[in-house]
Protein chains: 2
Amino acid sequence: MLRVPFSEGPLTEEQRTRLQQLRRQLAGDCIRSTTLATCGHPGGSLSTLDALLTLYCGATHSPEQPLNAERDRIIISHGHITPGVYSTLAAYGYFERARFMREFRHAGTDFGGHVEFGVPGVEWNTGNLGQGLSAGTGSALALQRQGRTARVFVLMGDGEQQKGQISEARRFAVKFKLNNLIAYIDFNRLQIGGDIAQIMPQAIADEWRAAGWHVVEIDGHDLDAVRAAFSAAYLEPRDVPTVVIGRTVMGKGIPFIENQAKYHGTALSVEQAREALQILELEDDLDSLLADRAAFTPTRALAHHRSIELPAIDTGTPRDYAVGVKTDCRSAYGDALADLALLNNQTELKVVGLTCDLKGSVKMQRLDKESPDAYIECGIQEHHAATLAGRMSVEGIVPFFSTFGVFAIAEAYNQQRLNDLNDANIKIACTHCGLDVGEDGQTHQSIDYLALGHGPYNLKIFVPADPNQTDRIIRYAAAERGNMLIPMGRSKLPVIADADGQPFFGGDYRFEPGKADLLRKGDDVTVVCFGDVSWRAVQAADELAPELSVRVLSMASIRPLDTASLVEAAQQTRAMISYEDHNRDCGLGVQVATALADAGVATRFRRLGSHFYGSSGEPDALLAEQGLAIEDLKRACRELAG
Amino acid sequence: MLRVPFSEGPLTEEQRTRLQQLRRQLAGDCIRSTTLATCGHPGGSLSTLDALLTLYCGATHSPEQPLNAERDRIIISHGHITPGVYSTLAAYGYFERARFMREFRHAGTDFGGHVEFGVPGVEWNTGNLGQGLSAGTGSALALQRQGRTARVFVLMGDGEQQKGQISEARRFAVKFKLNNLIAYIDFNRLQIGGDIAQIMPQAIADEWRAAGWHVVEIDGHDLDAVRAAFSAAYLEPRDVPTVVIGRTVMGKGIPFIENQAKYHGTALSVEQAREALQILELEDDLDSLLADRAAFTPTRALAHHRSIELPAIDTGTPRDYAVGVKTDCRSAYGDALADLALLNNQTELKVVGLTCDLKGSVKMQRLDKESPDAYIECGIQEHHAATLAGRMSVEGIVPFFSTFGVFAIAEAYNQQRLNDLNDANIKIACTHCGLDVGEDGQTHQSIDYLALGHGPYNLKIFVPADPNQTDRIIRYAAAERGNMLIPMGRSKLPVIADADGQPFFGGDYRFEPGKADLLRKGDDVTVVCFGDVSWRAVQAADELAPELSVRVLSMASIRPLDTASLVEAAQQTRAMISYEDHNRDCGLGVQVATALADAGVATRFRRLGSHFYGSSGEPDALLAEQGLAIEDLKRACRELAG
């Protein structure tokens, strides 16, 4: 297939003719694929096709090694233009065209309706608009800090420009001088509902200029103009990133669908498709394609996992916090993270910390001071920062993303969901979780993070119970693959001791996902807890010891959950209490209940947790307000054991 | 207290002197309140104080009737400046100053760390930055469409300008010509982490200009300049809204804290506070205030509910869909909504529909055509639109907010959470939920909405099982108070019939929250289901009837849940299966398990649901991929009953 590196200058006449021919062929495949699937998005595919072809013709990439570290990244933000993207990737040898024709939008295959990385050549799953530029900045920043010369292209729609996250990403790219980042806007003036000027008027070029980008406006169907714009940005980067705005025509090349918003997301009928193929002077092979598709039954497994190699991480020597010392988990986190950065970033950048204007609160001061390259200040832009961090993680860097729980997972939930869909490796180490947020009040109380954390299938949830366990979980998280949510509170906590008064989580303790921590043995009542309230459960158990034998199971690993220990406890003790400073209708309690119900085991069971919007105050006062003070727990133990 | 309506022109010298004196006194209260609480945000309070005072001096408002419909709305977006806001509100008679001094950031009181509407005069809970302007547009649009002349002021911070949601709100305000909206930016150049130009460089004024706003830049501590800027926008609105950017000094008036980012969020020590009071030439009453606070014990109940009167809604006559007719719930929704708008908006606007570039998909075409004033196209700006809708709901309009589930509740989760904290009355009627999204694929499959829906305490969740039930739930939702999540799928569904073949949800059926629908009686196995899969459960039960007696409980009301019917079924049948096209680890199954565990009841129990990221395809194929086909359910029934 035609490859003319940008460095070779303008296309020759012969090259241009070949690219135009290719364009015509791929336009046909955009039509064929959507007609075969009876659905999909031909309109934007045809308007973006010239930019796509120009890129795959001129950029550095390899179908043999789609994840080669030196490739130029091409990220498709308007993920619905799969027909254009898959057509182009097939033409450039990433997979068989016949496979695309058969499998597009067919259940049981990787060829989804929006771009997904299960298809070779696709960098990032999108389709929820506005996230692609943030993903692109993730690659651009990683490449910049790794000293690689590859470029990052991000293709976007024009309707998509309405998303606020783009304004955040734009700003970030200028701050970090990401001149290896080149954005392209397919300005076809139509979104699904109609004219962009009617749906939501916007001075797109002015906005990008105001954000400090270099703006180039061109005819997006003029292959020479597109190539010239990309080449200039590619070969002679300015101080700031470049955005190319291509004026295009939705449905370009098929006059009877051109400029009609309807064809944003409507396939042509078979008859219309035949007419389109005739206009394009292409073979009408629809009958054989239809037959091929009708005969197709999926057999491949879905490609939900990336083969990217993650960096080997030295987890160093755990820090020990002595019994009697009060430290906050976030400080233990900050120290573990700074340790990891010092230890691992000697020759290349492997561990980074990102925050959103809360460096002090999330304890990244030491990281910033000792490893300034590893500290990334994203501003108050959580949507952008979450996607950025997720994308950096598939560029071989382990990102710890830290802000308050309400911002890290509630505000940026959908970004974290897409990170999970992208098989990323982000560590969401968020602070100020539960009722332990200081006196900031309701709006800052993150008491729903377990509900949110159970949404994305592959997100693990680890909530440390004290500074020692925090240290060990952070080191574990840095070295092990997977998306992880690590919520912490704000306050200084006692170091949890075992029955002999030694640090329970110190010394040789090793964090193991899916394993409960038996903080106290007991036969009468089981208290299941986690995080900030675990030491309180221990204190309640110790104080009740003369009258009641209370088992304390601390579930640092909320997901996966140690259901065996729960079922065993339900069978061995007379009652079970879940105890949490989290909304009790969607937190640990419901997961404990589920473990019991799944096992067909019943016991006397009570869920203690937050159950209304409370006030501003210190943790003890707020716990008392919700009936969660140590005395409340003791009373519940007595009642249930009685 | 000094009141000089904007219409009276510039301040006289005497008025200016009085306002300056007041400013000095309130600066003292900003210092006192934070020192008394030992925490809080004095810096931004002092930089915003002149704007606050100018507004409460010049705008129309009434401490006697804080929710008077004709008042000017003053919305504080940078919610941490409570010391400034509460000082000003106390001075203007909204509550006793002594109460503020005693209760600020004290557990058990309404005087939270960030502005909350439990404090009289506060319009909207914020503190999660970037949402205030969207709330302001909600008021501005409501006032515009209600024909009221009141103005809406939104005060923001400068760091906050980084949030993408602001760019969305800005655009929306221009589109709808909300010239009754006046924004103010406290440009003190510091955010919590330091200089805004270091944290995230941004050309703030340029961005607002590019968005089409009229931009006025002034000295934010010059009371005449602030008044002149507000007065001009207030008295002679242009075609577009106005933003006033006030150059200010963080900590203004206390030289030893001025321009220090530390005092964004740090209270002065008692000794420092004494010094500050001396500088301000104010009485040092700290000792008596400290004593008063120490002696204080909260006795009031928290004011979590607004007293706003909602419009009386005529729910009209339900539409009946006959057995045998296949209709999608979203079409039934669109028709019910259009009916409600026609019926209720004759003399004033009571019911509106908002969407984000998905009018066709969410079936608002009829609403737009028949009641164009009631249809609000928000563009692809879900964060903004969610807040906008929430705020409109407390302006006496019932908003139906509709887009795909992934955008309505996953993308905008935190906005919906704040709507709930604000005791709003939003109806989130989202479509394309569950696996029933057409061939759009993983990124568009909303299979976590029940997890998210359980986060906000007061959000009710109603999932209709067929078009008849959809119609009745929508009519119910329009008339009843409260935030409601109403998810629907995409496909045409059979109308569910009772055992006699009559429409189960037609005719006299009345939707009742917290009540299960017993679709089929049965003694062997209970299938608990909801939404799109309920008809499938009925079909399974009917097909199994010769061999097994299957009870089908359809839970349209997921929250509140009919736990009594569940416990009864667990006791009366031999096994229970939860059946849903939702992530089974955070959906109906875990709520059923919780109901059983809470009751101490065990049974043979299995949770059928989605459990991995699947592919693109039609609902039947995707259900089969997850083991959720009707045959799978039948097999499970046989296995568990066996």
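Please read all numbers here as calculations on a predicted model, not as lab measurements.

J.: Would you take a moment to explain the sheet that holds strand E2 (residues 152-157) of chain B for this structure?
T.: Two strands in a sheet stick together by hydrogen bonds in their backbones, pointing the same way (parallel) or opposite ways (antiparallel). Residues and elements named next belong to chain B. What the 5 strands build is an open sheet, ordered E1-E2-E3-E7-E6; its pairing is parallel. Looking along the sheet, the strands with just one partner apiece sit at the ends: strand E1 (73-76) and strand E6 (214-219). Across this sheet, the average inter-strand angle for adjacent strands is 20 degrees, counted without regard to direction. Relative to strand E7 (residues 242-247), strand E3 (residues 181-187) runs parallel, the two sharing 6 bridges. Residue pairing in the sheet places Phe187 in a bridge with Arg247 of E7. Contacts from helix H5 (residues 132-146) reach E1, E2 and E3, with the element oriented near 175 degrees to E2.

J.: Help me out: how do you make sense of the relation of the copies chain A and chain B in this one?
T.: Both copies of the chain are tied together by a single rotation about an axis and a shift running along it. Once turned by 180 degrees and shifted 0.0 Å along the axis, chain A lies on chain B with an RMSD of 0.0 Å. Interpreted geometrically, this transformation is the action of a two-fold axis. Distance from the rotation axis, computed per C-alpha, reaches its smallest value in chain A at A:Gly164: 1.9 Å. Both copies share a contact surface, since 100% of the interface residues of chain A are interface residues in chain B too.

J.: Sorry, what's going on with the domain arrangement of chain A here?
T.: The accessible area lost on association of the parts is a frequent measure of interface size. All names here are of chain A. The domain boundaries assigned to chain A delineate domain 1 (14-294), domain 2 (326-494) and domain 3 (517-641). A C-alpha centroid distance of 26 Å is found between domain 2 and domain 3. Counting residues at the interface gives 32 residues for domain 2, matched by 32 residues for domain 3. In total, about 2500 Å² of surface goes out of reach between domain 2 and domain 3, with carbon and sulfur atoms giving 57% of it. Of all residues in domain 2, Leu435, Ile447 and His454 give up the largest surface area on contact with domain 3, accounting jointly for 26% of the area buried on that side. Linking domain 2 to domain 3 there are 0 salt bridges. At the junction of domain 2 with domain 3, the criterion picks out 20 residue pairs in polar contact (both at pLDDT 80 or more).

J.: Please clarify how the side chain of A:Thr35 should be interpreted in this entry.
T.: Structurally, the position occupied by A:Thr35 is in helix H1 (residues 13-37). Leave out the neighbours within four places in its chain, and A:Thr35 touches A:Ala267, A:Leu268, A:Ser269, A:Val270 and A:Ala273.

J.: Help me understand the side chain of A:Ser33 in this model?
T.: In this fold, A:Ser33 is placed in helix H1. At 2.8 Å, the side chain of A:Ser33 forms a polar contact with the backbone oxygen of A:Asp29.

J.: Explain the sheet that holds strand E14 (residues 484-487) of chain B to me, please; I cannot follow it from the model alone.
T.: Residue and element names in this part refer to chain B. Taken together, 7 strands build an open sheet; the order of strands is E10-E9-E11-E12-E14-E13-E19 and the sheet is mixed. Strands with a single pairing partner mark the edges of an open sheet, and in this sheet they are strand E10 (375-377) and strand E19 (557-559). Taking the axes of each pair of neighbouring strands and ignoring which way they run, one obtains an average angle of 20 degrees across the sheet. As paired strands, strand E9 (residues 351-355) and E10 are joined by 3 bridges and run parallel to one another. From the neighbouring strand, Gly353 faces E10, where its bridge partner is Tyr375.

Conventions and cut-offs
Residues numbered from 1 in each chain as written. Chains lettered and ligands numbered in written order. Predicted model: local features only at pLDDT ≥ 70, side-chain atom pairs only at ≥ 80, totals over all residues. Heavy atoms only, no water. Pairing = 2+ DSSP bridges. Helix = DSSP H or I, 4+ residues; strand = E, 2+ residues; numbered from the N terminus. Axes fitted to C-alpha atoms, helices over the stretch in contact; angles between N-to-C directions. Contact = heavy atoms within 4.5 Å. Least-squares fit on C-alpha atoms with pLDDT ≥ 70 in both. Domains from an automatic or database assignment. Buried area = accessible area lost by both parts, 1.4 Å probe. Salt bridge = Lys/Arg side-chain N within 4 Å of Asp/Glu carboxyl O. Polar contact = N/O pair within 3.5 Å; in protein donor to acceptor, adjacent residues only side chain to side chain.

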